[in-house]
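Letter by letter, the chains look like this.
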Amino acid sequence: MQLVSTRNSQYRLEASQAVMRGIAPDGGLFVPDHFPDLGDLSRFTKMSYCETAADVLSMFFSDINGLGDITAKAYAAFDCEETAPVVKTGSGEFMMELWHGPTLAFKDMALSVLPRLMTAVLNAQGGKNVLILVATSGDTGKAALEGFCDVDRTKIVVFYPNDGVSEMQRLQMVTQGGSNTYVAAVNGNFDDTQTGVKEIFTDEKFAEIIGEKGYRFSSANSINFGRLAPQIAYYVWAYADLMRKGEITKGERINFVVPTGNFGNILAAYYAKQMGLPVKKLVCASNRNNVLTDFFRKGDYSLERDFYKTMSPSMDILISSNLERLLFELAVRDDQKVRDMMDGLKSGGAYAVGSDALKSLEEDFYADWCSEEETMQAIRKTFNEKGYLLDTHTAVAMHVYEKYRAVDPDTKTVIVSTASPYKFPAEVLASLGEDITDLDTYMLAEKLCEVSGTQMPCQLVAMRDKPQRFTDVYEKQDMREAVMKTL
Ligand SMILES: *Cc1c(COP(=O)(O)O)cnc(C)c1O
């Protein structure tokens, strides 16, 4: 399968090569040149999660051998056999739990697979080994470390802002194992850290230096097609699982509700629909940073707004990068239109789609948002009424679903649960009305166990006993030293 750039549809690459590149040279994102057809969905009801994922990946990466082996290894570290369990929480209401991986959040679903795709491409086609650089505000860094840990022909260096991550996130990263991993703190904020990484990426002299040592830089960020493709699989899996359990009949259309930030997760659902999955509405749930709600309602995207730090930090965004892939479809694959919109965003901080596009958006999507107070209420109410414990991101989705259900009460709906409540124990406990003063990360997790009667994830228990391996702190102008240290 070939992919094309959203900003130049003449520019094409084999999907496997696009994964190594990350982003197109013109700044566009790689998208499939056509959508493959899932075919008869019954066959997926006989497959395990890993088999489903390998089947979906094979529609894009027909030139990569051993996809079954890749997905089996990728998901071996997950804490449950189903990988992404679909749990019934009400009449016609289901939770798909995407947080049974090593970091307790949904980024593991793709970041467990991407490094193994890269190694397979290198082994088959040759080329330099890959050195992954990540600047993280918390979650992505840890998920990438876990994904690349001890994967052949790769090394990974993660930088985090010294005072910009939570204690839980810091502990997750500095206790990372693996012989090809390195984590460093940077004196500065997230912007400093990200700017430092971008400078290294574009420093040609430095690229030569690491080239002599047999490495080239690559990135694992969420616009890489190698992160999008594995995410399509869990939508197919959820649908097949509901068929298997007799909750839906083949062809019955269902809704998915997705707590959204960079638009990667919900875009994968949209792709699954294009590939033939019977989806009625995709419900795009935002927190107080509700730029997407406005876009879906009015058809214009504007950066002229305040940025808020919320209790669902992985959804705190102003620029939702993956939306560009949806714009390309809305523009009926007219790359000139996409270039115009992206230029508008860069120069004027805004763009708009036409009325035809807005109509087609309304066919596929419903969008709404949830305030901080409503997020806490959703956690409390869902726990009290259903005995189900939500994290702060999934709570946003639950609140928006309850609003949407008023207009569509009968369609069976899967709420996509993106993090374990144990990843955000302070906020979850506070939502339940508990006192959290003077409790450290582990004490909070223990208290959450007691209060909710749920089990502490084994990933957290294991972390407690691990040594803190990485203690180096760099000034932002010295970040290259950290890279050199790993070679
Ligand atoms: C990254 C993340 C999201 C947002 O996903 P996008 O693909 O960026 O829309 C939601 N919830 C959690 C827990 C996340 O880590």
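Residues numbered from 1 in each chain as written. Predicted model: local features only at pLDDT ≥ 70, side-chain atom pairs only at ≥ 80, totals over all residues. Heavy atoms only, no water.

**Section: the sheet that holds strand 3 (residues 30-32)**
We apply this condition: We treat two strands as partners when DSSP finds at least two bridges between them. In DSSP terms, a helix is any run of H or I states spanning at least four residues, a strand is any run of E spanning at least two, and both are numbered starting from the N terminus. Note on geometry: axes are lines fitted to C-alpha atoms, helical ones only across the stretch in contact, with angles between N-to-C directions running from 0 to 180 degrees. A contact between two residues is defined here by any heavy atoms of the two lying within 4.5 Å.
If you walk across this open sheet you meet the 3 strands as 2-1-3, and the pairing is antiparallel. Strands with a single pairing partner mark the edges of an open sheet, and in this sheet they are strand 2 (8-14) and strand 3. Going from strand to strand, the sheet's axes swing by 40° on average, the running direction of each strand aside. Inspection of the sheet shows strand 1 (residues 2-5) paired to strand 2 by 4 bridges, in the antiparallel sense. Bridging from a neighbouring strand, L3 pairs with L13 of strand 2. Seen against the sheet, helix 13 (residues 323-330) touches strand 1, strand 2 and strand 3 and runs at an angle of roughly 50° to strand 3.

**Thoughts on the site of the ligand**
Our working definition: Distances are taken per atom, and a residue is near a molecule or strand as soon as one of its heavy atoms is within 4 Å of it. For the purposes of these results, a polar contact is taken to be a pair of N or O atoms within 3.5 Å, where, inside protein, one atom must be able to donate a hydrogen and its partner to accept one; residues adjacent in sequence count only when each atom of the pair is a side-chain atom. To be clear on the numbers: accessible area is Shrake-Rupley with a 1.4 Å probe, and residue cover counts the displayed protein chains and nothing else. Each residue gets one label: Ala, Val, Leu, Ile, Met, Phe, Trp, Tyr, Cys and Pro are nonpolar, Asp, Glu, Lys and Arg are charged, and the others, such as Gly, are polar.
Around the ligand sit 15 residues in total, of which K107, G261, N262, N265 and T418 are the nearest. Within the backbone of F263, an N or O atom sits 3.0 Å from an oxygen atom of the ligand. With respect to the ligand, the backbone of G264 contributes an N or O atom lying 3.1 Å from an oxygen atom. The protein chains hide 96% of the 380 Å² of surface that the ligand would expose on its own. Its residues assigned to classes, the shell around the ligand comprises 5 nonpolar, 8 polar and 2 charged.

**Brief notes about the nonpolar core**
In plain terms, the rule: Among the buried residues, those of types Ala, Val, Leu, Ile, Met, Phe, Trp, Tyr and Cys that are joined through side-chain atoms within 4.5 Å form a nonpolar core. Working definition: with a 1.4 Å probe on protein chains only, accessible area under 20% of the residue-type maximum means buried, over 50% means exposed, and in between means partly exposed.
Core analysis: the largest hydrophobic core is formed by 136 residues, its most contacted members being Y235 and F256. The dominant element in this core, judged by the number of residues it contributes, is helix 10 (residues 225-244), at 14 residues. Leave out the neighbours within four places in its chain, and F256 touches Y235, A238, L277, V279, K281, L282, V283, V414 and V416. If you look at the next biggest cluster of nonpolar residues, it comprises 36 residues, including F383, Y388, A397 and M463.

**A few points about the state of the cysteines**
The following threshold applies: The definition used for a disulfide is geometric: two cysteine sulfur atoms within 2.5 Å.
Applying the stated criterion to the full structure yields 0 disulfides. C284 takes part in no disulfide bond, and the closest cysteine sulfur to it belongs to C370, at a distance of 13 Å. For C284, a relative accessible area of 0% puts it in the buried group. No disulfide involves C458; its sulfur sits 9.9 Å from the nearest other cysteine sulfur, which is in C80.

**Some thoughts on the layout of surface pockets**
This is how the line gets drawn: The definitions used throughout rest on a 1 Å grid laid over the protein atoms alone, on which a cavity is an enclosed set of points accommodating a 1.4 Å probe that cannot get out and a pocket is an open set flanked by protein within 12 Å on both sides along at least five of seven lines; lining residues are those having an atom within 4 Å of a point. Grid points are joined across faces, edges and corners, and a volume is the space filled by probe spheres set on the points.
Space inside the second largest pocket adds up to approximately 300 Å³. Residue lining of the second largest pocket: 17 residues in total, with E97, W99, Y422, T454 and Q455 positioned closest to the centre.

**As for the packing of aromatic side chains**
Test applied: Only the six-membered ring of Trp is used, alongside the rings of Phe and Tyr, when aromatic pairs are assigned; centres must lie within 6.5 Å, and planes under 30 degrees apart are stacked while those over 60 apart are edge-to-face, with the rest tilted.
Applying the stated rule across the entire model yields 21 aromatic pairs. Each ring, one from F35 and one from Y271, has its centre 4.8 Å from the other, and the planes form 70°; the classification is edge-to-face. Pair noted here: F35 is in the loop between strand 3 and helix 2 (49-58) and Y271 is in helix 11 (residues 264-274), with a separation of 236 residues, a long-range link. Looking at Y271, the relative accessible area reads 0%, which means it is buried. On the basis of an interplanar angle of 90° and a centroid distance of 5.8 Å, the ring pair of Y182 and F470 is categorised as edge-to-face. Of the two residues, Y182 is situated in strand 8 (residues 181-187) and F470 in the loop between helix 20 (458-464) and strand 16 (473-475); the sequence distance between them amounts to 288 residues. By relative accessible area, which is 7% here, Y182 ends up buried. Judged by relative accessible area, which is 10%, F470 ranks as buried. Through a chain of ring-to-ring contacts, the aromatic side chains of F263, Y270, F295, F296, Y301, Y351 and F365 assemble into a single cluster.

**Considerations on the sheet that holds strand 9 (residues 215-218)**
Spatially, 9-6-7-8-16 is the arrangement adopted by the 5 strands of the open sheet, whose pairing is parallel. Of all strands in the sheet, those bounded by a partner on one side alone are strand 9 and strand 16. Direction aside, the axes of adjacent strands within the sheet are offset by 30° on average. Where strand 6 (residues 129-135) and strand 7 (residues 154-161) come together, 6 bridges link them in parallel fashion. Considered in strand 7, the bridge of V134 is made with V158. Packing of helix 6 (residues 139-148) onto the sheet brings it into contact with strand 6, strand 7 and strand 8, and relative to strand 7 it is tilted by some 165°.

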